[in-house]
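Residues per chain are reported as follows:
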Amino acid sequence: MEKTTYPTLEGLKCPKCQSAEYKVLGKGGAAAKEWGTALAFGAVGGIARNFAADAKAKEDFELHPIAYKCMGCKKNYETLPFEAMEDEILSKECTVVFHRLSAFASMAVSQQVYLNGVKVGSVKNKKALVFKTYTRNNTVFVTDQHGKALPGVFKFVAAEGGTQEIRFKNKFIR
Ligand SMILES: [Zn+2]
């Protein structure tokens, strides 16, 4: 039987200085075809397709490297998510409800929601997107329709069988 794998950003570090502090820049891609390792993530792709929230995201699914800016050495780097270790995987999935609150400036455009470096769906103004996570430590970020990251990263520890609510209005609302 094929082993199911789950994406994670736990352990993400700058390849140059090893700093774990980063800012998400958005969807990478110029270097995408150089990612020989992408093949190794085929199974991650499979599961990601399953947790993608909407039919459109499933259809559009491709695993893209994400670009980050290192807050240590200020260099940019791109990487795919990693495969979650066994102790990171929940025995029962957690439901995530992402609420996009009304924001006039960006009203007309849909925003792209990423869980652990993988796009799970797009969300319109004043709408919610529901998806699932299978890993304990989670990182959510949002990009505009061109793949450019909006400010901030939301990290949470998922409760087994639980629900996590997230509110976003051009940035994460705590
Ligand atoms: Zn660095």
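The shown structure was predicted, so the numbers you read here are calculated from the model rather than taken from an experiment.

Undergrad: Looking at this structure, how should I read the overall build of the chain?
TA: Counting its secondary structure elements, the chain contains two helices and 13 strands. Sorting the 174 residues of the chain into buried and exposed places 33% on the buried side. Taking all contacts inside the chain whose residues are at least 6 apart in sequence as the whole, residues at least 24 apart take part in 71%.

Undergrad: Please explain the sheet that holds strand E3 (residues 66–70) as it appears in this structure.
TA: Two orientations exist for strands paired in a sheet by backbone hydrogen bonds: parallel and antiparallel. Read across the open sheet, the three strands follow the order E2-E3-E4; overall the sheet is antiparallel. Each end of this open sheet is capped by a strand with a single partner; those strands are strand E2 (22–27) and strand E4 (76–79). Adjacent strand axes in the sheet meet at a mean angle of 30° when their direction is disregarded. For E3 and E4, the ladder comprises four bridges, and the chain directions are antiparallel. Along E4, the bridge assignment pairs Ile 66 with Thr 79.

Undergrad: When you look at the sheet that holds strand E12 (residues 163–168) in this model, what are you seeing that I'm missing?
TA: Read from one edge of the open sheet, four strands run E9-E6-E12-E13, paired in mixed fashion. Edge strands, defined here as strands with exactly one partner in the open sheet, are strand E9 (128–135) and strand E13 (172–173). Relative to E13, E12 is paired through two bridges, and the arrangement is antiparallel. Its bridge partner lying in E13, Phe 168 is registered against Phe 172.

Undergrad: Sorry, what's going on with unusual backbone geometry here?
TA: In terms of backbone geometry, most residues other than glycine have negative phi values and most peptide bonds are trans. Phi angles above zero are rare outside glycine, and Gln 18 is one such case at about 70°. If you trace the backbone, Gln 18 turns up in the loop between strand E1 (7–8) and E2. Judged by the 10 C-beta atoms lying within 10 Å of it, Gln 18 falls in the exposed class. A positive phi angle is found at Lys 126, which is not glycine, with a value near 65°. Tracing the backbone through its elements, the reader meets Lys 126 in the loop between strand E8 (118–123) and E9.

Undergrad: What is the right way to look at the nonpolar core in this model?
TA: In globular proteins that are soluble, nonpolar side chains generally tend to be buried together. By size, the foremost hydrophobic cluster in this structure holds 28 residues, and its most contacted members are Tyr 68, Val 113 and Tyr 114. If you list the elements that add at least two residues to this core, you get E2, E3, strand E6 (89–100), strand E7 (111–115), E8, E9 and strand E10 (137–143). Here the element with the most residues in this core is E3; it accounts for four residues.

Undergrad: Can you walk me through the environment of Asp 144 in this structure?
TA: Along the chain, Asp 144 turns up in the loop between E10 and strand E11 (154–157). The partly exposed category is assigned to Asp 144, around which 14 C-beta atoms lie within 10 Å. Sequence-distant contacts of Asp 144, that is, excluding residues within four places in its chain, are made with Val 109, Gln 111 and Leu 150.

Undergrad: Just to check I follow, could you spell out the pairing of E3 for this structure?
TA: Two faces make up the sheet, and in a regular strand the side chains alternate between them. Counting buried positions along E3 gives four out of five residues, so the element sits mostly inside the fold. Between E3 and E4, which pair antiparallel in sequence order, lie five residues; one of them, Lys 74, sits at a positive phi of approximately 70°.

Each value, and the rule that gives it
Residues numbered from 1 in each chain as written. Predicted model: local features only at pLDDT ≥ 70, side-chain atom pairs only at ≥ 80, totals over all residues. Helix = DSSP H or I, 4+ residues; strand = E, 2+ residues; numbered from the N terminus. Buried ≥ 20, exposed ≤ 12 C-beta atoms within 10 Å, placed from the backbone. Contact = placed C-beta atoms within 7 Å. Pairing = 2+ DSSP bridges. Axes fitted to C-alpha atoms, helices over the stretch in contact; angles between N-to-C directions. Core = buried A, V, L, I, M, F, W, Y, C linked by C-beta atoms within 7 Å.

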